[in-house]
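# Summary of structural features
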Amino acid sequence: MRWWMAVTRASIAAAALMADPSRRAIDLGLCRRADVLVISCDVACEAEQNPWSDAGTLRALRLLAKKHGGALQATSENGVATLQASVPMTKPEQNGHGEVVSRTPRTTHGRG
């Protein structure tokens, strides 16, 4: 699955938790900074609610980030839940223990 699709699905699920459908909102941004794909997502939520509390979804996204040598941060405060991910545009090479040892350019030919 493409990275941005996984974040989008998690964001839609988080927005669906808002009780009032007219207040559901998602601000999703993707950009490239140097050789890093940066994904930022803000989701409206109830002040006391943490839509990223679904440990399974968040864990899957963190593992996906780690697999590709990236990082993921999820926060929720003041009625806005934020998910930020950064993934290198180069493919990480791993040793037998899953540790990133070097990077080679990623060639996707239109696939993520």
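Everything discussed here concerns the structure shown above.
Attention here is on the structure that accompanies the text. Quantities reported herein were computed from a predicted structural model and do not represent experimental measurements.

The helix and strand tally for the protein chain stands at two helices and six strands. In the protein chain, the order of α-helices and β-strands from amino to carboxyl end is α-β-β-α-β-β-β-β. Out of the 112 residues belonging to the protein chain, those deemed buried represent 29%. Looking at the protein chain alone, contacts between residues at least 24 apart form 49% of all its contacts between residues at least 6 apart. Roughly 7100 Å² of accessible area belongs to the protein chain as shown, and the carbon and sulfur atoms make up 52% of that amount.

Mapping Ala44 onto the fold places it in strand 2 (residues 36-44). A C-alpha to C-alpha distance of 8.5 Å links Ala44 and Ala14, two positions 30 residues apart in sequence.

So, about the sheet that holds strand 1 (residues 26-33). Ordered by their spatial adjacency, four strands build an open sheet running 1-2-4-3, and the pairing between neighbours is antiparallel. Of all strands in the sheet, those bounded by a partner on one side alone are strand 1 and strand 3 (71-77). On average, adjacent strands in this sheet sit at an angle of 10 degrees to one another, irrespective of strand direction.

Cut-offs and rules
- Residues numbered from 1 in each chain as written.
- Predicted model: local features only at pLDDT ≥ 70, side-chain atom pairs only at ≥ 80, totals over all residues.
- Heavy atoms only, no water.
- Helix = DSSP H or I, 4+ residues; strand = E, 2+ residues; numbered from the N terminus.
- Buried < 20%, exposed > 50% of the residue type's maximum accessible area, 1.4 Å probe, protein only.
- Contact = heavy atoms within 4.5 Å.
- Areas by Shrake-Rupley, 256 points an atom, 1.4 Å probe, with all protein chains shown as cover.
- Pairing = 2+ DSSP bridges.
- Axes fitted to C-alpha atoms, helices over the stretch in contact; angles between N-to-C directions.

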